Amino acid sequence: MRDDSYRHKGLRLAMVRELRQKGITDERVLAAMEAVPRHFFLDLALIGMAYDDTALPIGCDQTISHPSTVAMQSQLLDVHPGDKVLEIGTGSGYQTAVLCQMGARVFSIERQQPLFVKTKRLLADLRYHAKCFLGDGYQGLTEVDYAPFDRIIITCGAPFIPPALMTQLRLGGLMVIPVGEQQQEMLRVTKLGETEADWQVERFGQFKFVPMKEGRSFKQ
Ligand code: SAH
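Below is a summary of the structure that appears in this document. Note that the structure is predicted; figures quoted are calculated from it, not measured. (Residues numbered from 1 in each chain as written. Predicted model: local features only at pLDDT ≥ 70, side-chain atom pairs only at ≥ 80, totals over all residues. Heavy atoms only, no water.)

Digging into the site of the ligand
Around the ligand sit 26 residues in total, of which S65, S92, E110, G137 and K213 are the nearest. In this structure, an oxygen atom belonging to the ligand sits 3.0 Å away from a main-chain N or O atom of S65. Here an oxygen atom of the ligand sits 2.6 Å away from a polar atom, N or O, in the side chain of E110. In isolation the ligand exposes 570 Å². Once the protein is present, 99% of that is buried. Residue assignment for the shell around the ligand shows that the elements contributing at least two residues are β2 (62–64), β3 (84–88) and β4 (105–110). Among the elements that take part in the shell around the ligand, β2 stands out by supplying three residues, more than any other. Tallied by class, residues from the shell around the ligand come to nine nonpolar, twelve polar and five charged. (Near = heavy atom within 4 Å. Polar contact = N/O pair within 3.5 Å; in protein donor to acceptor, adjacent residues only side chain to side chain. Areas by Shrake-Rupley, 256 points an atom, 1.4 Å probe, with all protein chains shown as cover. Helix = DSSP H or I, 4+ residues; strand = E, 2+ residues; numbered from the N terminus. Nonpolar A, V, L, I, M, F, W, Y, C, P; charged D, E, K, R; others polar.)

Quick look at the structure:
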């Protein structure tokens, strides 16, 4: 197991200060990000940059999101302890761990098998009790008993709001999703009814995510 030294804890405090300066105000999010060692979710060679506000490669052509993006999405999601959260795009597992740290019951889907295998093991080793699935996030979790979710977070750029995911969101629930092709606009969708006319959409600016792709991938 890696070491979470005083130096790393100090770097996390500095990161949290920077997040406050960038407008993050939710103390639950800030406390969770102060607690979760982001450097555990990166390859050894990249550890020196773990607390910079930057996206970094995690293999399979994917990236761990900027800390400020993780903070922003977590804040918009307005998670409360015990909430059932569906996450699309497990990736490194860092966002998953932040949500677990906030007391959410997290169900996370990843389409790249190598990332799914590696991250499922890492989260278990670190005692973050998320349920990890290899699958296609466009479909969500169709098995009985998982849905409905209180919250849904998508951590890849989606071309549109996947209808199956809205079906799996409870009435009154929130979805945070970056929508767009080259660039994405961060949307928060509140489900006030079953039909699209009853989805209230709020907009939170432009971001750049790796694309949300169709289907599962078993390739390295
Ligand atoms: N929250 C992660 C983000 C990783 S990047 C982190 O900070 O580490 C986004 C992830 O979404 C990638 O791992 C990518 O493989 C995954 N992804 C892309 N399309 C997907 C889909 N349809 N279903 C599930 N995961 C998907």
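After presenting the structure, the write-up continues.
With respect to the packing of aromatic side chains
Scanning the entire structure with this criterion turns up six aromatic pairs. Between the aromatic rings of F41 and Y94, the centroid separation amounts to 5.8 Å while the plane-to-plane angle is 65°, which identifies the pairing as edge-to-face. Placement of the pair is F41 in the loop between α2 (27–35) and β1 (56–59) and Y94 in helix α4 (residues 94–101), with a sequence separation of 53 residues. Here the aromatic rings of F107 and Y146 are separated by 5.6 Å at their centres, their planes lie at 65°, and the arrangement is edge-to-face. Highlighted residues: F107 in strand β4 and Y146 in the loop between β5 (131–134) and β6 (149–154), separated in sequence by 39 residues. On the basis of relative accessible area, Y146 is assigned to the partly exposed category, the value being 22%. An aromatic cluster is defined as three or more aromatic residues linked by ring pairs; in this entry it consists of F107, F133, Y146 and F149. Above the face of the F149 ring, K84 is positioned so that its terminal group lies 5.5 Å from the ring centre. (Phe/Tyr/Trp six-rings, centres within 6.5 Å; stacked < 30°, edge-to-face > 60°. Buried < 20%, exposed > 50% of the residue type's maximum accessible area, 1.4 Å probe, protein only. Lys NZ or Arg CZ within 6 Å of the ring centre and 35° of its normal.)

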